[in-house]
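A closer look at the structure
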Amino acid sequence: MLDPKNYTVAKSTRTSRTALVFIFVLVVLLAVAPALVSRSLLQDLFFVLTMIALAQCWNLLAGYGGLVSVGQQAFVGLGAYIGFAGSILWGLNPMLAILLAGVVGAALSVPTAFVVFRLQGAYFAIGTWVAAEVYRLVFAQWKALGGGTGTSLPSGVAKSIAGLSWVREGLDIKSSAARDVISYWIALALVVVIVGAIYAFLRTRSGLALSALRDNETAAESIGVDTRRAKFAVYIFAAFGAAITGALIFFQKASITPQSAFSVIDWTAFVLFIVVIGGIGTIEGPIIGALILFVLQNWFADYGTWYLMALGAIAIAVMLVAPRGIWGLVQAKYDFSIFPTRRRLLGPDTPVPDYTQPIREMKLPPAKGVHAADTPLEVPTMFDIETDVLIIGSGPAGGASAALLSSYGIANIMIEKYGWLANTPRAHITNQRAMEVLRELGIEEDAIAKSVPQELMGNNVFCTALAGEEIGRLLTWGNHPSRKADYDLASPCRICDIPQTLLEPIIVAKAMESGTITRFKTEYISHTQDENGVVATVRDRVANEIYRIRAKYMIGADGANSLIAEQLGLPMDGKMGLEGSMNIEFEADLSKYVAHRPSVLYWIFQPGADIGGIGAGVVRMVRPWNKWLSIYGFDIKDGPPNLSTDEAEQIVRQLIGDDEILIKIGKLSYWTINNMVARRYAKGRVFCMGDAVHRHPPTNGLGSNTSIQDAYNLCWKLKLVLEGKADASLLDTYNDERQPVGRQIVTRANKSIEDYGPIFETLGITQGGSADDVKRRMDSRKQPTVEAEAKRKALNKYIRQKSYEFNCHGVELGQRYSSSAIVSDHTAEPEYTRDRELYYHPTTWPGARIPHVWLDRDQQSVSTLDLVGRGRFVLLTGVSGAGWMEAAARASAELDIALDAIQIGPGCSVNDTFGDWAMQSEVSDSGMILARPDGHVAWRSHMLSANPTGDLLAVMRQILGRT
Amino acid sequence: MIYLDTIIQGVLLGGLYALFALGLSLIFGIMRLVNLAHGDLMILGAFAVLVGVDALGLPIPLAAVLAGIFMFMVGYALQYVLLNRTLGRDILPPLLVTFGLSIILQNGMLETFSADTQRLNMGGLQEASISLFGGLAIGMVPLITFISAIVVILFLNWLFYSTETGRAFRATSDNPQIAQLMGIDNDRIFALAMALAMVIVAIAGLYLGARATFDPLIGPSRLIFAFEAVIIGGLGSFWGTLAGGIILGLAQTFGAQINPEWQILSGHIVFLIILVIRPKGLFPRVTG
Ligand SMILES: Cc1cc2nc3c(=O)[nH]c(=O)nc-3n(C[C@H](O)[C@H](O)[C@H](O)COP(=O)(O)OP(=O)(O)OC[C@H]3O[C@@H](n4cnc5c(N)ncnc54)[C@H](O)[C@@H]3O)c2cc1C
C-alpha cells in the first residue's frame, strides 16, 4: 500500500493551468496597451508595475525568506544613482545603465549581507535600515551627481534611449511620450521576469526549503538545504530586482535626490503595506496589494497625512485580523492559487484527487473525530489538521497507544518517521502482561500465530560455542516444572517469542483498522502547547512538506533518542551509551545444534565475548531454526566497528564454532547499552512513554513489554479526560504510577548484565593468556579436587542466579501502583512470601493487577481479566453483593460513566466453578473489587458497607478527580 | 585641547543616546519586542512636554512629570491593547504593527503640530555652562542629560534586581510560560514594562527637545541611534547601553570634527565595524 510508485508529486493544478493561459493573455494585452490607452493611464500602469516589482522582491525576502528588511530603499537608491551615473557620467545607453544598476546593486548586496546577516529577526530589520542610511549619506557626498541636493537627467540622455525614434514614429507620438512607453515596456518585462524567476525558484528544492524556513529553521535544515545559502541568494536577488527597478523609476522621474532615492516611506513602507495587505508569502498577494494601493492613492492621496495614517492603520488591522492578507482570505474561501508553489502528494491515500487543494490544507481521509481546521488560513499559529491525540512514533509504545485509543473510540493520528515499522527484530520476548493487552485488543490469536511458543523458548544454553562445550543450562521463561505452574496460574495468556518486526504490524494494523490514522514517512519536528492543546509541526518526508497537527494531547513514543523528551526537558537520571553492541542478522540451518535443546537464546562464553555488549556473546533465534541474530559487544570507546560482511561472518562463525556450515549474513545494526530513566514522564499535555523515558539493555526482555504497559496505563485516562468524565488531574497519575516501574526495570536490566561477570571469572576466561591457557583454566573445573568442586558449586550458583533475568515473573507482572487513582481499603500491603522479583504474588490489594483465575460464563471459560478492561470500570462482587450491583448502577448513572458490575458465584451470570476466585478474591461474598480499565484494582471492600452507593461514588469521584 | 573638548562633547552626547536607547533595551530584554515606533514615541514625548509648557503655561519640570504620566498611560494602553497581540514566534507582526504605528504617529503629529521645527525652552539653563580649565566648558543641559541617564540606569538596576516587579520582569523575560505558571500575568507585566519604557522615552524626549530642535518626522533617525547604542553595548545590560551610547556619541563628534557632513555617517560606520568584529556587542550580558 505504501508503494512509492503509487504516489506522484503534483505541483501544478488544473486551475493554475487555466490561470496560466489567462496570465499570458493579460501580458499580451498589457504589452499592446500603449497603442490603446492614454498617456496618463500608461504612467499609472507604470507606477503599479514598478511597485509590483519591488513588492515581489520584498515578499521573496520577508514572506518566503523570513528576512524582514526595512532597508530595501538602499538598493532602490543605489540602482537609481548608478543608473544616473552610468548614463550621465559614463555615457552609457540608459538601457545598459539600468542593467548595470542591477549588477552593481547585486554586487554591493554581498558586503551588505555580510554585515546585516550578523543580526537576527527584528534587529536584522533595523540593521538593513542603518545600511540604507549609510548608502544615502555616502551618495549624498557624490558631488558630480549634485551631492545632497541631487540632479536631473539632461534631456539629451533621456532621448538617447534605444528604440525611441522607432516608438515615436510607430505610435506617432512626442518623444517624451515615447520615453514613457519604453519605460512602461521595460517595467512590464521586469515584472514578468521577476515573477517568473521567483515562481520558478520557489518550485525548486531550495525554494521549498525557504518556504519551510519561515515556519521553522531546523525543519528547513532537515530537508537538507543550507538555509544560510538560500537566504543569501534571496537577498542578492532581491537587491538586484530593487536596483533595476530603482534605476527605471528614476529614469522615468528624470531627477534624483538622496532623500527621494533612499526614501524609507516610498520604497519600504509602501512596499510593505502592499505585501501585507495583498497577502504575504504568496505571489498573488503583492500584485493585488499594488492594485489596491494604486486605487487608494488615486482616491485619497489628496488627504496627505490622513491618507498615510489610514494606510498605517489598515496595515496594522490586516496584520492582526487577517495576517495572510486579502489573497489569504480569498484562498481560505475558494481554496485555489494561481501560482501553486507548494507540492502536493497524490497517492492512494488522497481520497479525492481534487486538483484544487494546495497541500497546506490537505484534508486527511475523513475519519471520525478528525476535522480540518475551520479557518486554515487566517491565524498565524494555525494548523492544518486536528485530532484528539497525536502519537509520535509507531513502535510498541506508540502502536499500542494508537490501538488502545482507537478501541476506546478516541480519535488519534500516529506519525512515524520511516516508511514502515521496525526493520530489525529487536524486542522478542513478549510476556504475559503484554499478551493480556493484545488479548483485550483482540489480536492475541494473531500474535500467537506468528510466535514461537513458550515450550520452544526455554533451554537457555551457556556454552563455549554452539558446536562447543556446554557449560550449563537454565530452564527459562517458566519452562522449569517448578516455575511452569507459576506462569500458568498467573495469566490467561502464555509468554511467547515474537520478533518486533512481526508484532508491530499486528498492533498497528489493529489500530488502523479501528480508526487510527497513520502517517508514515512523517517526522515530528517541534511542538508548542497552550491551555487547550498541542500544535506539532511535522514534515512529510515524501513531499518535503511541513504541516501542523493540532491535538488535545500528544504522546511522545519516539524511542530511545527521543526528541520530544529532550525538547520538553524531562529530567533524566543515568547514562546513555555505556557499552557498544551490535546485531548481526543471519540465516543458517542450525537445527543440529539446537533442535534437541530448543531455546531463544544461546549464550556464548569465549574470550573477548565479555567486552562491551550485554555481557556475553549471544546467538538468538528469530525463526526456528534457520533465522538468527547474533549479539556481540564492542568497546564503546572505539566506536561502532563498521564490520564488513566477512568480518561479521567471522564473528558468527566463531560463536557457532563450525567452519563448514552455510551462513548468509543479513543486516548489521549497532546499538548501545543505556541506563537512563526520566524522573518525570510528562509535561503539560505531552506524555512520553516507552524507550523515550526508560532506556536500558534488552536483558530481561522488558523494553517493549514495559512500553506497551505505559500505553495501557495512560490511554484509558486520556479517554476519560477527553470525554469530560474525569478531571485532567487523573493524567498526573500516569507519571506517578509508571515512573517507578521505569526506574525498577532500568535497574533490573542493567543488573542482569553485571551478573554475567562472575560466570566469566569463575570459568577463568577473563584472566587472559593464550587460548590454551583459557582452555586449561576452564577444564580445571572437571578435576576431582576440592578446589574444582568449589568452582563447580560457584558456577552452578551463578547460572542459577540468572533466573533474575530469565524467570523474573514478579517484575514481569507483579506491578502494584500507588497514586491518587488508587483508593486504599486501609489494609496493610500483603507481604511477599517469596522473592518479589522472581515470583508473582497475586492479590486484590488496591493497586495490584487483578489476579487471574478461570471462571465459567455460559459454559465457557473466561478469565477474570476478560471481565474487566476495554475502557470501563468493572465492579466484581459475589453472591451476596446485590447492594453493590445497585450501587454500581447508580454511580454509573450519577457520574455518567461506564461502570459495569458483575456477580461471581453459583447462580450468577459468571460462576466460580473451580472455587479459585473464592480462594483468591480476598473479600467475602458481599464484598467487592473495583477494577480500573487497565485491570488494576482501584478499591475493594471486604463486605457490603452501610452506604454502598455513597462509598462507591466517593471512591469514583476521588479517582476521577471530580471532587 | 580640542580633542579633549570633542571627547567631553561626545561622552555627553552619549548620555542622550543612552536615554534614547534604554527604553528600547528594556522592552527588548523583557519581551523580545523591537519597537519601530520608538523614535516617534520619543518625539511624541517631546511634544507632550511642549504642550505642557506652551499651551498650558506650566513650568518645565511639572510639564515633564505630566508628560511622563501621559506617556506611561500611552505605553500601557499600547502594549495591552495592541502590541501584546503581536508577540509570538513570528517576528513579522510586531515589526509591521510598530512600523504602521510609526507612520501613524509621524503623520498624526504632522497634522497636529505642523512640520515646523520646535525646541523646548529651558530658560537660562540652555546657555549655562560650567567652565573648566584651559577654556573648556561643559554645557549645563548636556551634563544634566548625562546625569539623568545614569540615574535612570541606577533606577532600572534597582528595579530589576531588588523589587518584586523586577523579579516578575526577569521571570517573564527568562521564560514567559514558566512565569505564567508562577501566577504572573504576562500581559500586564508586558504592559507595565512598556509603560515604564515610555516614561524613559518621555525623559529622552525632554532632553531631545532641550538639546536640539525637533519636528514630527525625525523620529526614525533617533530610533536608529537608539538601536545602534543598544547593539554596540550588547543586549541585556543597561550599563552596556550607556557605553554604547557614549561610543556612538564619540564617533559622531569625532566625525563631525573632520567634516560636519560626516557626523551621522561616522556613527553608522563605527556601528557597522563593531557589528562585524563583535556581533554580540561590546558588553553582552553573560548568560547563565
Ligand atoms: C537487541 C534488542 C533486543 C531487545 N529485546 C527485547 C525483548 O526481548 N523484549 C522487550 O520487551 N524489549 C526488547 N528490546 C527493547 C525494545 O526494542 C524497545 O524497548 C522498544 O522497541 C521500545 O518501544 P518504543 O515504542 O518506546 O520505541 P521504538 O520501538 O524505538 O519506536 C520509536 C519509533 O518512533 C519513531 N520516531 C523517532 N523519532 C521520530 C520523529 N522525530 N518523528 C516521527 N517518528 C519518530 C522511530 O522511527 C520508531 O519507529 C530489545 C532491544 C534491542 C535493541
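Residues numbered from 1 in each chain as written. Chains lettered and ligands numbered in written order. Predicted model: local features only at pLDDT ≥ 70, side-chain atom pairs only at ≥ 80, totals over all residues. Heavy atoms only, no water.

**So, the overall build of chain B**
Inclusion rule: Secondary structure elements follow DSSP: runs of H or I of four or more residues count as helices, runs of E of two or more count as strands, with numbering from the N terminus. Using a 1.4 Å probe on the protein chains alone, a residue whose accessible area is under 20% of its type maximum counts as buried, one over 50% counts as exposed, and one in between counts as partly exposed. The contact definition used throughout considers only heavy atoms, calling two residues in contact when any of these lie within 4.5 Å.
A tally of helices and strands in chain B yields eleven helices and two strands. Order of helices (α) and strands (β) in chain B, N terminus to C terminus: α-α-α-α-β-β-α-α-α-α-α-α-α. Classification of the 288 residues of chain B by burial places 56% in the buried group. Pairs at least 24 apart in sequence give 76% of the contacts found in chain B among residues at least 6 apart.

**Here's the deal with the overall build of chain A**
On a plain count of helices and strands, chain A comes out with 35 helices and 30 strands. Contacts in chain A between residues far apart in sequence, at least 24 positions, make up 73% of those at least 6 positions apart.

**Considering the site of the ligand**
Residues and elements named next belong to chain A. For clarity, the threshold we go by: By convention in these notes, a residue is near a molecule or strand provided one of its non-hydrogen atoms lies within 4 Å of it. Two N or O atoms count as a polar contact when they lie within 3.5 Å, although within protein this holds only if one can serve as hydrogen donor and the other as acceptor, and sequence-adjacent residues are included solely when both atoms are side-chain atoms. Only the protein chains shown count as cover for residues, and all accessible areas are computed by the Shrake-Rupley method using a 1.4 Å probe. Ten residues, namely Ala, Val, Leu, Ile, Met, Phe, Trp, Tyr, Cys and Pro, are considered nonpolar, four, namely Asp, Glu, Lys and Arg, are considered charged, and the remaining ones, Gly among them, are considered polar.
Neighbouring the ligand are 31 residues, the closest being Glu-416, Gln-500, Tyr-524, Asp-691 and Ser-704. Between His-428 and the ligand, the recorded distance is 3.0 Å, taken from a backbone N or O atom to an oxygen atom. Take Gly-701: an N or O atom from its main chain is 3.1 Å from an oxygen atom of the ligand. Against a free-state accessible area of 990 Å², the protein chains account for coverage of 90% of the ligand. Breaking the shell around the ligand down by element, the ones donating at least two residues are α17 (396–407), β14 (522–529) and α25 (703–722). Looking at the shell around the ligand element by element, the count peaks at four residues for α25. Along the lines of polarity and charge, the residues of the shell around the ligand split into eleven nonpolar, 14 polar and six charged.

**Some points on the environment of Pro-830 of chain A**
Residues and elements named next belong to chain A. Residue placement: Pro-830 occurs in the loop between α31 (809–813) and β25 (854–857). With a relative accessible area of 26%, Pro-830 lands in the partly exposed category. Once the C-alpha coordinates of Pro-830 and Pro-842 are considered, the two residues, twelve residues apart in sequence, prove to be 9.6 Å apart. In this structure, Pro-830 is in contact with Arg-816, Thr-843 and Trp-845, ignoring residues within four places of it in sequence.

**Details of empty space enclosed by the protein**
Residue and element names in this part refer to chain A. How we decide: Here a cavity is any set of points on a 1 Å grid over the protein atoms alone where a 1.4 Å probe fits but cannot get out, and a pocket is any open set with protein on both sides within 12 Å along at least 5 of 7 lines; a residue lines the site when it has an atom within 4 Å of a point. Grid points are joined across faces, edges and corners, and a volume is the space filled by probe spheres set on the points. Those domain boundaries reflect an automatic or database domain assignment.
Under the defined criterion, the tally for this structure stands at eight cavities of 30 Å³ or more. Of the pockets and cavities examined, the largest cavity occupies roughly 180 Å³. Lining of the largest cavity is provided by 20 residues; of these, Arg-433, Gln-709, Arg-738, Glu-812 and Gln-815 occupy positions nearest its centre. At the level of secondary structure, the elements contributing two or more residues to the lining of the largest cavity comprise α25, α26 (732–754) and α31. Among the residues forming the lining of the largest cavity, the class breakdown is seven nonpolar, eight polar and five charged. There are two domains that each give the lining of the largest cavity at least three residues, and those are domain 2 (384–756) and domain 3 (849–960).

**Looking at the interface of chain B and chain A**
In plain terms, the rule: Once two parts are put together, the accessible area they lose, assessed with a 1.4 Å probe and summed over both, is termed the buried area. By salt bridge we mean one thing: a side-chain nitrogen of Lys or Arg within 4 Å of a carboxyl oxygen of Asp or Glu.
Taken together, the contact pairs 42 residues of chain B with 41 residues of chain A. Approximately 4,000 Å² of surface area, both sides summed, lies buried where chain B meets chain A, with 81% of it carried by carbon and sulfur atoms. At the boundary of chain B with chain A, the tally comes to zero salt bridges. Our enumeration of links across chain B and chain A arrives at four residue pairs in polar contact (both at pLDDT 80 or more). Elements represented by at least two residues in the side of chain B that touches chain A include exactly α4 (92–113), α9 (219–233) and α11 (263–277) of chain B. If you tally residues by element for the side of chain B that touches chain A, the top one is α4 of chain B, at 15 residues. Taken together, the residues of the side of chain B that touches chain A break down into 30 nonpolar, six polar and six charged.

**Side note on the confidence of the model for chain B**
All names here are of chain B. As a reminder of what qualifies: The quantity known as pLDDT measures the predictor's confidence residue by residue, on a range of 0 to 100.
Residue-level pLDDT values for chain B average 86, and 93% of them are 70 or greater. At the low end of the mean pLDDT range in chain B sits helix α7 (residues 176–181), at 60; at the high end sits helix α3 (residues 60–82), at 93. What the predictor reports for the complex is a pTM of 0.56 with an ipTM of 0.89.

**Examining the packing of aromatic side chains**
Residues and elements named next belong to chain A. To be explicit about the condition: Pairing of aromatic rings covers Phe, Tyr and Trp, the last counted by its six-membered ring, and requires centre-to-centre distances within 6.5 Å; plane angles under 30 degrees mean stacked, over 60 mean edge-to-face, and any other angle means tilted.
A full pass over the atoms with the stated rule returns 41 aromatic pairs over all chains. Ring geometry for Phe-117 versus Phe-232: centroids 6.0 Å apart, planes at 85°, classification edge-to-face. With Phe-117 in the loop between α4 (94–116) and α5 (121–139) and Phe-232 in helix α11 (residues 227–253), this pair connects stretches of sequence that are 115 residues apart. Since its relative accessible area comes to 9%, Phe-117 is described here as buried.

**Description of the pattern of salt bridges**
A pair can form between side chains of opposite charge whenever their charged atoms are brought close. Residue and element names in this part refer to chain A. Across all of its chains, the model carries 41 salt bridges over all chains by this definition. The shortest N-O distance in the salt bridge between Arg-872 and Asp-900 comes to 2.6 Å. Residue Arg-872 is located in the loop between α32 (864–867) and β27 (873–877), and its partner Asp-900 is located in strand β28 (residues 899–903); the two are separated by 28 residues in the primary sequence. A salt bridge links Arg-932 to Asp-934; the shortest N-O distance between them is 2.8 Å.

**A few points about the sheet that holds strand β29 (residues 928–931) of chain A**
Residues and elements named next belong to chain A. Going by this rule: Here, a strand pair is defined by DSSP locating no fewer than two bridges between the strands. Each axis is a line fitted through C-alpha atoms, and for a helix only the stretch in contact is used; angles between axes span 0 to 180 degrees, taken between their N-to-C directions.
The four strands lie next to each other as β28-β27-β29-β30, forming an open sheet whose pairing is mixed. The open sheet has two edge strands with one neighbour each: β28 and β30 (937–941). Adjacent strand axes in the sheet meet at a mean angle of 15°, parallel and antiparallel pairs treated alike. Pairing between β27 and β29: four bridges, direction antiparallel. Note that in β29 the partner of Thr-877 across the bridge is Met-928. Its contacts with the sheet place helix α33 (residues 882–895) against β27, β28, β29 and β30, and it is angled at close to 170° to β28. Against the sheet, helix α35 (residues 948–960) contacts β27, β28, β29 and β30, and its axis sits at roughly 25° relative to β29.

**Digging into the environment of Leu-49 of chain A**
Residues and elements named next belong to chain A. The topology assignment puts Leu-49 in helix α2 (residues 39–64). For Leu-49 and Tyr-184, which are 135 residues apart along the polypeptide, the C-alpha to C-alpha distance reads 8.1 Å. Excluding anything up to four places from it in sequence, Leu-49 contacts Tyr-184, Ala-187, Leu-188 and Val-191.

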